[in-house]
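Residues per chain are reported as follows:
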Amino acid sequence: MRFVDLHCDTIGCLTGIESGEAGLRANHLHVDLEKMKKGDALLQFFALYIRTTADGRGYDGRSPYEIFEEERTCYERELRENADMLAPVLCYSDLLKNQAAGKMSALLTVEDGVPLDGKVERVKEFYDKGVRLLTFTWNYENSLGYPNGSSDEKGLKPFGFQVLEEMNNLGMIADVSHLSDRGFWDVAGHSKKPFVASHSNARALCDVPRNLTDEMLRALGEKGGVAGLNFASFFLVPGSSHTKISDLLRHAKYMADKAGIDAVGLGSDFDGIRSTLEFKDYTGMPMIAEALHTVFTAAEVDKITHENALRVLQACI
Ligand SMILES: [Zn+2]
């Protein structure tokens, strides 16, 4: 088992679907347990994506907190029903324990701090409910800070700094993907632990605000963090709708050159992206690794596929 993927939206896709109809074990999505097994998965970060409107309201009259709970219930149910194949990671040693038992591992994350709703005690509540990574924002402003594309002075708000400190203390990974540039620098300057950009590529190769500048890549590497290579075609090549492995390689090489080989990982964004994929779904992970071997040494490929992410995990949770 060798792949660690820092981001997928599979749980959001499965939420609301009745158990037995389609679940995490086998489905039509990019990620299911059978595909993960075939693809040699070690650890998958499962995001709870909080679908809201720009003004921070949930959909269908639900609050962001209710959406969080609904998706978390789905995640918990899938863990229970698939305990023979998958087990959660709450601390680093869980991963080793699961591996020894021949099981794949799952780590719970929340994409968007909007359900915290300005209440710092909810960080501890999320932690107690198994969340080990929080993405500060999605593409809208929330009580923590401002999203990518915001003007230069809009970074973390005072509550965002408070949440960062609480996450550092509790043992949760801070994630700057989707955050504004100023917010990135706020986290880089204040985090006491390594942090991640769970699913972001190089802006110099694909100029979208969701990607990282050379300076950000450098700072992330210096802090001991990791950027997860995002498989979305439009974060690899401007305007593209098809994801090619050669473009993943170009970004991986560039990111390793700027951030260092210890700062590159995988952040597929599976089941959150609409692009057609040359490698189809999770079963294509070994194809990507094989291609990585054409530009990196075997030791470097191991760092990208799992070692770098595991190092951050060990340092943070
Ligand atoms: Zn995302």
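Everything below is about the structure printed above this text.
*Asks:* Just checking my understanding: could you explain the packing of aromatic side chains for this structure?
*Replies:* The geometry of an aromatic ring pair is captured by two quantities: the separation of the ring centres and the angle between the planes. One pass over the structure, following the stated rule, counts 11 aromatic pairs. The interplanar angle of 55 degrees and the centroid separation of 6.2 Å between the aromatic rings of F46 and Y75 together place this pair among those described as tilted. Taken together, the positions of F46 in strand β2 (residues 41–49) and Y75 in helix α3 (residues 64–81) put the pair 29 residues apart, joining distant regions of the chain. The class of Y75 is buried, set by a relative accessible area of 4%. In this structure an aromatic cluster arises from ring pairing among F231, F270, F279 and Y282. Across the ring face of Y65, the terminal group of R122 is positioned such that the distance to the ring centre comes to 4.1 Å. Cation over ring: K157 sits above Y146, and NZ or CZ is 5.0 Å from the ring centre.

*Asks:* Explanation requested: the coordination of the zinc ion in the structure shown.
*Replies:* Under perfect tetrahedral coordination by four donors, a metal shows angles of 109.5 degrees; under perfect octahedral coordination by six donors, it shows angles of 90 or 180 degrees. The zinc ion binds to the protein through E111 (OE), H178 (NE2) and H199 (NE2); the donor distances cover 2.0 to 2.2 Å. Counting the intervening residues between successive donors of the zinc ion yields the motif E-x66-H-x20-H. In this pair, H178 sits in the loop between β6 (173–175) and α7 (181–190) while H199 sits in the loop between β7 (196–197) and α8 (214–222), placing the two residues 21 residues apart along the sequence. By relative accessible area, which is 6% here, H178 ends up buried.

Rules and cut-offs
Residues numbered from 1 in each chain as written. Predicted model: local features only at pLDDT ≥ 70, side-chain atom pairs only at ≥ 80, totals over all residues. Heavy atoms only, no water. Phe/Tyr/Trp six-rings, centres within 6.5 Å; stacked < 30°, edge-to-face > 60°. Helix = DSSP H or I, 4+ residues; strand = E, 2+ residues; numbered from the N terminus. Buried < 20%, exposed > 50% of the residue type's maximum accessible area, 1.4 Å probe, protein only. Lys NZ or Arg CZ within 6 Å of the ring centre and 35° of its normal. Donors = N, O, S within 2.8 Å, 3.2 Å for Na, K, Ca; no water.

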